[in-house]
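A structural walkthrough
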Amino acid sequence: MLAWDADGVLLDSEKVAVETARDILLLVAPQVVGTLGDRFATCFSRRIQVEAVGEEAAPILRGMHRLIMRARAAKVRAFSEVLPIVTTTVVPQLVVTSAYEDTVRRGLGEHESAIVDVRGRSCGNKASILRSCGEVADWVYVTDSPRDIATCRECGVGVVVAVTWGYYDSEALTAAEPDRLVSSATDLRRVLVELGTHR
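Residues numbered from 1 in each chain as written. Predicted model: local features only at pLDDT ≥ 70, side-chain atom pairs only at ≥ 80, totals over all residues. Heavy atoms only, no water.

**Quick word on the packing of aromatic side chains**
What counts, and what does not: Within 6.5 Å between ring centres, the rings of Phe, Tyr and Trp (the latter by its six-membered ring) count as paired, and their orientation is classed by plane angle as stacked under 30 degrees, edge-to-face over 60, tilted in between. The classification of residues rests on relative accessible area computed with a 1.4 Å probe and restricted to protein chains. Under 20% of the type maximum is buried, over 50% is exposed, and intermediate values are partly exposed. Under the scheme used here, helices are H or I runs from DSSP no shorter than 4 residues and strands are E runs no shorter than 2 residues, and both carry numbers assigned from the N terminus. Only lysine NZ and arginine CZ atoms are considered, and such an atom sits over a ring when it is within 6 Å of the ring centre and within 35 degrees of the ring normal.
Overall, the coordinates contain three aromatic pairs when judged by the stated rule. Relative to F44, the ring of F40 lies with its centre 5.8 Å away and its plane at 40 degrees, an arrangement referred to as tilted. Residue class for F40 comes out buried when judged on its relative accessible area of 9%. With 5.5 Å between their ring centres and 65 degrees between their planes, F40 and Y167 make a pair best called edge-to-face. Placement of the pair is F40 in helix 3 (residues 40–43) and Y167 in the loop between strand 7 (159–163) and helix 10 (170–175), with a sequence separation of 127 residues. Here F40 matches Y167 in class, with each residue buried. Through successive ring pairs, a cluster of aromatic residues spans F40, F44 and Y167. Over the aromatic face of Y100 sits the side chain of R70, whose NZ or CZ is 4.3 Å from the ring centroid.

Here is the structure:
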C-alpha cells in the first residue's frame with residue numbers, strides 16, 4: 001500500500017491554510033497576528049492557538065480552521081508535478097489526512113479515481129486511521145510533516161518518505177528522521193520505483 005498525506009504533499013494548500021489561520025486569529029486574538037510568520041507551522045502552531053484562546057479552547061480553534069478550509073477547498077490545487085506519480089502506481093493507494101475527506105477529493109479532482117480511498121477527519125486522527133488498517137509494516141507513507149513521521153513510527157509503518165515542498169522545511173523533516181527525504185517530484189518517483197510502488 002502507498003499512503004499519502006494530502007496537504008503539502010498532493011495538495012498545494014499552505015497559502016490558503018495561512019490565510020485561513022490569519023482570518024481566524026484576527027477574529028479571536030488580533031494581538032497575535034502581527035507576530036506571525038508566513039508558514040503554517042509557525043502561524044498556527046499549537047503554541048499560537050493556546051496563546052490565542054487558551055488550552056481548553058485550542059482544539060476548537062483547530063476545528064474551525066478545518067471547517068473553513070473545507071469551505072475554501074475550491075481555492076486549493078493539486079501539485080501538478082506530483083499527480084502523474086499518483087496515476088502511475090502499481091500498488092493500491094490511500095490518502096490519510098487530518099482534513100475532511102471531501103476537501104481532499106475536491107483538490108484531487110479527476111485524479112481521485114487513482115486512489116482506493118481517502119480517510120480523514122470523519123475517521124479520527126491519523127494514528128487511529130493507521131491502526132484501523134491492520135498490518136502496515138509493508139506500507140510506504142509519503143508526508144511533509146514531522147508529526148506524521150512520528151505517528152508512522154508509532155504505528156509500525158514500514159517506510160516513511162518525507163517531501164520538502166510542503167508545510168515543513170528540510171531541517172525540521174531531517175530532525176524527525178524519515179527513511180527517505182526528497183526535494184522534487186522527480187526524486188520522489190525515483191524513490192518510489194526503488195521501493196517497488198512504481199515502475
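**Some remarks on the pattern of salt bridges**
Pairing is possible between side chains that carry opposite charge, provided their charged atoms lie close to one another. The criterion, for reference: We define a salt bridge as a side-chain nitrogen of Lys or Arg found within 4 Å of a carboxyl oxygen belonging to Asp or Glu.
Scanning the model with the defined rule gives 17 salt bridges in all. Of the charged contacts, one joins R105 and D117 as a salt bridge, the two residues approaching to 3.7 Å between their closest N and O atoms. With R105 in helix 7 (residues 101–108) and D117 in strand 5 (residues 117–119), the pair connects residues that are 12 residues apart, well separated along the chain. Assessed through its relative accessible area of 25%, D117 is described here as partly exposed. One salt bridge in this structure joins R131 and E154, with 2.3 Å as the shortest N-O distance. Here E154 lies in helix 9 (residues 146–155) and R131 lies in helix 8 (residues 126–132), a separation of 23 residues in the sequence. For E154, a relative accessible area of 54% translates into the label exposed. Bridged by salt links that share partners, the residues E19, D23, R72 and K75 form one connected network.

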